[in-house]
Amino acid sequence: MNKIILKIIRLQTKLTPKADKLAHFFWGFFYALLGLIIDETSGTNVFVFLLPAIAGSYKEIKDIEDKAGTAEFKDFLFTILPGLTLIILKAILWQHQ
């Protein structure tokens with residue numbers, strides 16, 4: 001039983017994103033929620049994805065230009081992931097109403 005628990009902990013540690021990726025996810029979630037509010041008040045369905053995509057793109061482009069950070073496609077993915085998740089959840093919940 002102990003070996004199974006250790007394997008689970010190792011896998012969990014391996015799959016846990018680095019703090020930088022979690023920061024991208026956090027801010028992507030913030031922008032996705034803001035986009036969701038805009039979508040709900042305006043009757044559109046684009047801002048929940050568009051705002052995190054714009055913010056993530058801008059951040060990575062600034063990293064390339066300024067050479068202050070490291071531009072990574074994974075950072076962009078972690079920024080847009082919350083918006084994609086909210087789109088899927090909204091679609092699922094909308095079907096069941």
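Before reading on, note that the structure itself is shown above.
To start, this report covers the structure provided alongside it. (Residues numbered from 1 in each chain as written. Predicted model: local features only at pLDDT ≥ 70, side-chain atom pairs only at ≥ 80, totals over all residues. Heavy atoms only, no water.)

1. Considerations on the layout of surface pockets
Okay, so step 1: Here the largest pocket is characterised by a volume of approximately 170 Å³.
Okay, so step 2: The wall of the largest pocket is formed by D20, A23, H24, W27, G28, Y31, A55, G56, Y58, K59 and T79.
Okay, so step 3: Within the residue set of the lining of the largest pocket, elements represented by two or more residues are α2 (19–42) and α3 (47–66).
Okay, so step 4: When residues of the lining of the largest pocket are assigned to their parent elements, the largest contribution, 6 residues, is made by α2.
Okay, so step 5: Looking at side-chain class alone, the lining of the largest pocket contains 5 nonpolar, 4 polar and 2 charged residues. (1 Å grid on protein atoms, 1.4 Å probe; cavity = no way out; pocket = protein on both sides within 12 Å on 5 of 7 lines; lining within 4 Å. Points joined across faces, edges and corners; volume = space filled by probe spheres on them. Helix = DSSP H or I, 4+ residues; strand = E, 2+ residues; numbered from the N terminus. Nonpolar A, V, L, I, M, F, W, Y, C, P; charged D, E, K, R; others polar.)

2. As for the side chain of K21
Okay, so step 1: Checked against the element boundaries, K21 lands in helix α2.
Okay, so step 2: On the basis of relative accessible area, K21 is assigned to the buried category, the value being 9%.
Okay, so step 3: Setting aside chain neighbours within four positions, we find K21 in contact with E72, K74, D75 and F78. (Buried < 20%, exposed > 50% of the residue type's maximum accessible area, 1.4 Å probe, protein only. Contact = heavy atoms within 4.5 Å.)

3. Here we look at helix α1 (residues 2–15)
Okay, so step 1: In this model, α1 (14 residues) spans 20 Å end to end at C-alpha, consistent with the 20 Å of a helix rising 1.5 Å per residue.
Okay, so step 2: Of all the 14 residues making up α1, 0 are buried; the element is thus mostly uncovered. (Expected span 1.5 Å × (residues − 1).)

4. A closer look at the packing of α2 against α3
Okay, so step 1: Relative to each other, α2 and α3 sit at 140°, their axes nearing to 6 Å. Remark: the crossing between α2 and α3 carries right-handed chirality. Of α3, the residues touching α2 (which contributes H24, G28, Y31, A32, L34, G35, L36, I38 and D39) are F47, V48, L51, P52, A55, K59 and E60.
Okay, so step 2: Taken together, the residues of the contact of α2 with α3 sort by class into 10 nonpolar, 3 polar and 3 charged. (Axes fitted to C-alpha atoms, helices over the stretch in contact; angles between N-to-C directions. Left-handed = near helix turned anticlockwise from the far one by under 90°.)

5. Things to note about the side chain of E60
Okay, so step 1: By the secondary structure assignment, E60 is in helix α3.
Okay, so step 2: For the buried residue E60, which engages in no salt bridge, the nearest side chain bearing the opposite charge is K59, 4.6 Å off.
Okay, so step 3: Other than its neighbours up to four places away in sequence, E60 contacts H24, T70, A71, E72, D75 and F76. (Lys, Arg positive; Asp, Glu negative; His and termini not counted. Salt bridge = Lys/Arg side-chain N within 4 Å of Asp/Glu carboxyl O.)

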